[in-house]
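Read off the chains here:
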Amino acid sequence: MCGVFGIENNDKAASAVFTGLLNLQHRGQEAAGTAVYNCSSKTLRGCVGAGNVLNVFNNNAAATAISGNCAIGHVRYATSGKSSLQNAQPFIFNTKSGFIALAHNGNIYNDKQIAARLQKSGAIFAHTSDSEHIMHLVEREKGSLIEALPKALAKINGAYALIFIQDGVMTGVRDPYGIRPLVLGKLGKSYILASESVAIEMSGGEVLRDIAPGEIIAIEKGKIKKSFIFERKKNYAPCIFEQIYFASPASKVCGKTVAKARMEMGKLLARQMKDIKADVVMPVPDSGVFAALGFAKEAKIPFDMGLVRNHYMGRSFITPDQKVRENIVRIKLLPIKEKIKGKRIILIDDSLVRGTTSGKIMRLMKSCGAKEIHFALSAPPVISPCFYGIDTPTKKELIAHNMTTAQIAKFIGASNVNFITLPNLIKAAQGTKCKTFCAACFSGKYPTGIKI
Ligand code: SF4
């Protein structure tokens, strides 16, 4: 997924990026970094490191001390290229028109072909991430950055939210379907671009609007220099997984608070499961909490926390290595035995992707004496891989692609498994700003026309 943040016209740009990235930490914990442009010295300097934002910025005191007025930052969760320091962003490129920094959230589906064509024509890559190839495409076009971008991006099939800085100009771009999010905000005389509204608000800023699908916006010295739609598709398709899992509950997506959308998912799940009798509704923390609250309220069943999250562990799903993921799962959830023992439990989680964690959670709860576990998910069965930025690369990794619901229940050791239906999920996610979504991982229908 990754998170991006940018601020311009601000004398403390580097430290503003630090605050912004802290509030986007949930979007990626493998690497973080910043690139800062100083309008007086006309220099662009960067600092990146492996690990979470605090590690990177504390270990590189220079990161927040780089003086400058325009800065971008990035938190990384690898979907393309190895999870290594080599791919930590922002990338800084020395181009024909000077130094340019880039932070990218998303994934380029046709990247292999693009990379092969670029290498054939003599390109040498410094990274193994698709983000670098975007810049190579831009460099091969004539004109300024905003003139070259539409022509370069026309060659890409995928999802992206991009922030560039060049000569003190901050440029934001969102893909033509709006799959990946990008929000515009204002803080005093500065403009901010961020993956989520919460990063703008927690920086003390005000959220202005979403960057539109297919929009390019260039901002300099507190003024919007240019904003235009370079390409717009009929089907606006923001990723519905943002509301289910990725976005902070405190963010607004599609004009609706994510917490509210998750509570509505829980409410609709409760209506689907009205025949199931239980003593208590419990979430798998943290991402199941709001759906469980919505479920409990609708079903008039007490809500309780039988599992407590170890907050010193990362989010297991967004760690790229399966072995690391498995170890983290074992120590990230702490059961409270007396809340679980002898209970018929409706256990709510956000989604069932690989099934890595669910079997372990069932075993954990049974070892604490759970009588029945009715497992409910605020996502439909994930049957198709995501090519737009979530790490589910092949069908064979997806449990719901390989098993029926009954088989899944048996496999993970639940009394039964209940998925929210896709129409109900869409109903819950819809807000004032959007009614349609990318839901390809549940439907197999990819907005950009990918056929598998
Ligand atoms: S395929 Fe799924 S996870 Fe990927 S962008 Fe679409 S809804 Fe989001």
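The model shown is predicted, which means the values in this text are computed figures rather than measured ones. (Residues numbered from 1 in each chain as written. Predicted model: local features only at pLDDT ≥ 70, side-chain atom pairs only at ≥ 80, totals over all residues.)

1. Concerning the overall build of the protein chain
- Looking only at helices and strands, the protein chain features 17 helices and 21 strands.
- Over its C-alpha trace the protein chain gives a radius of gyration of 22 Å, about what one expects of a compact globule, namely 22 Å for 452 residues.
- Expressed as lengths along the three principal axes of its C-alpha atoms, the size of the protein chain is roughly 70 × 45 × 40 Å.
- Relative to its full complement of 452 residues, the protein chain shows a buried share of 54%.
- Across the protein chain, the fraction of contacts at a sequence separation of at least 24, relative to all contacts at a separation of at least 6, is 69%. (Helix = DSSP H or I, 4+ residues; strand = E, 2+ residues; numbered from the N terminus. Rg over C-alpha atoms; globule rule 2.2 N^0.38 Å. Buried ≥ 20, exposed ≤ 12 C-beta atoms within 10 Å, placed from the backbone. Contact = placed C-beta atoms within 7 Å.)

2. Here's the deal with the packing of helix 5 (residues 130–139) against helix 6 (residues 145–153)
- Interaxial distance between helix 5 and helix 6 falls to 8 Å at its minimum, and their mutual angle equals 110 degrees. With respect to helix 6, the element helix 5 is oriented roughly perpendicular. In this structure, helix 5 contributes Ile134, Leu137 and Val138 to the contact, and helix 6 contributes Leu145, Ala148, Leu149 and Ala152.
- When its residues are assigned to classes, the contact of helix 5 with helix 6 shows seven nonpolar, no polar and no charged. (Axes fitted to C-alpha atoms, helices over the stretch in contact; angles between N-to-C directions. Parallel < 35°, antiparallel > 145°, perpendicular 65-115°, else oblique. Nonpolar A, V, L, I, M, F, W, Y, C, P; charged D, E, K, R; others polar.)

3. Looking at the site of the ligand
- Neighbouring the ligand are Ile179, Cys239, Ile240, Phe241, Cys386, Tyr388, Ile390, Cys438, Ala439, Ala440 and Cys441.
- In terms of residue class, the shell around the ligand is built from 11 nonpolar, no polar and no charged. (Near = placed C-beta within 6 Å.)

4. Structural notes on the pairing of strand 7 (residues 158–166)
- Most of strand 7 is tucked away, with nine of its nine residues classed as buried.
- Of the two faces of strand 7, the one holding Gly158, Tyr160, Leu162, Phe164 and Gln166 and the one holding Ala159, Ala161, Ile163 and Ile165 are both buried throughout.
- Relative to strand 7, strand 6 (residues 98–108) is paired through eight bridges, and the arrangement is antiparallel. Looking at strand 7, one finds that Gly106 is bridged to Tyr160.
- In sequence, strand 7 turns back onto strand 8 (residues 169–174) through a hairpin of two residues, with Asp167 there showing a positive phi of about 50 degrees. (Pairing = 2+ DSSP bridges.)

5. Comments concerning helix 10 (residues 289–299)
- Most of helix 10 is tucked away, with eight of its 11 residues classed as buried.
- When helix 10 is considered as a whole, its buried residues turn out to be Val289, Phe290, Ala291, Ala292, Gly294, Phe295, Ala296 and Ala299.
- On its buried face, helix 10 sits against helix 9 (258–272), strand 16 (280–283), strand 19 (344–349) and strand 20 (372–377).
- Residue Lys300 follows helix 10 closely and has a positive phi angle near 55 degrees.

6. Structural notes on the sheet that holds strand 3 (residues 43–50)
- Taken in spatial order, the seven strands make up an open sheet running 3-2-4-1-10-9-11, and their pairing is antiparallel. Only two strands of the sheet have a single neighbouring strand rather than two, namely strand 3 and strand 11 (206–210). Taken pair by pair, the neighbouring strands of this sheet meet at an average axis angle of 15 degrees, ignoring direction.
- The pairing of strand 1 (residues 3–7) with strand 4 (residues 70–76) spans five bridges and is antiparallel. Within strand 4, the position partnered with Val4 by the bridge is His74.
- Packing against the sheet, helix 1 (residues 13–22) makes contact with strand 1, strand 2 (31–38), strand 4 and strand 10 (190–194), and its axis sits at approximately 30 degrees to strand 4.

7. Observations regarding the sheet that holds strand 5 (residues 91–95)
- A sheet is described by the order of its strands in space; here six strands give the open sequence 5-6-7-8-12-13, paired in antiparallel fashion. Each having just a single partner strand, strand 5 and strand 13 (223–229) make up the two edges of the open sheet. Within this sheet the neighbouring strands show an average axis-to-axis angle of 20 degrees, counted without direction.
- Together, strand 5, strand 6 and strand 7 form the strand contacts of helix 5, whose direction differs from that of strand 6 by roughly 125 degrees.

8. Brief notes about the domain arrangement of the protein chain
- Domain parsing of the protein chain yields domain 1 (3–234) and domain 2 (242–443).
- Top contributing element to the side of domain 1 that touches domain 2 by residue count: strand 6, with three residues.
- In terms of residue class, the side of domain 1 that touches domain 2 is built from eight nonpolar, 10 polar and four charged. (Domains from an automatic or database assignment.)

9. Let's talk about the pairing of strand 19
- Burial runs high along strand 19: five of the six residues are buried.
- The pairing of strand 19 with strand 20 spans six bridges and is classified as parallel. Residue pairing in the sheet places Arg344 in a bridge with Glu372 of strand 20.
- Handedness of the crossover joining strand 19 and strand 20 through helix 13 (residues 358–367): right-handed. (Right-handed = clockwise from strand over helix to strand, strands pointing away.)

10. Brief notes about the nonpolar core
- Among the nonpolar cores identified, the biggest contains 149 residues, and Val17, Ala71, Ile72, Val281, Phe295, Ile345 and Cys438 are the most heavily contacted of them.
- Per-element accounting of this core gives the leading share, eight residues, to helix 9.
- Here this core spans two domains, and each of domain 1 (3–234) and domain 2 (242–443) adds at least three residues to it.
- Setting aside residues no more than four positions away along its own chain, Ala71 makes contact with Gly6, Ile7, Ala13, Ala14, Val17, Thr34, Ala35, Val36 and Tyr37. (Core = buried A, V, L, I, M, F, W, Y, C linked by C-beta atoms within 7 Å.)

11. Regarding helix 16 (residues 422–429)
- Along helix 16, the positions that sit buried rather than exposed are Leu425, Ala428 and Ala429. Buried positions in helix 16, seen along its axis, are confined to an arc of 95 degrees and lie on one side of it.
- Each element contacted by the buried residues of helix 16 is listed here: helix 8 (241–246) and helix 9. (Arc of directions from axis to C-beta.)

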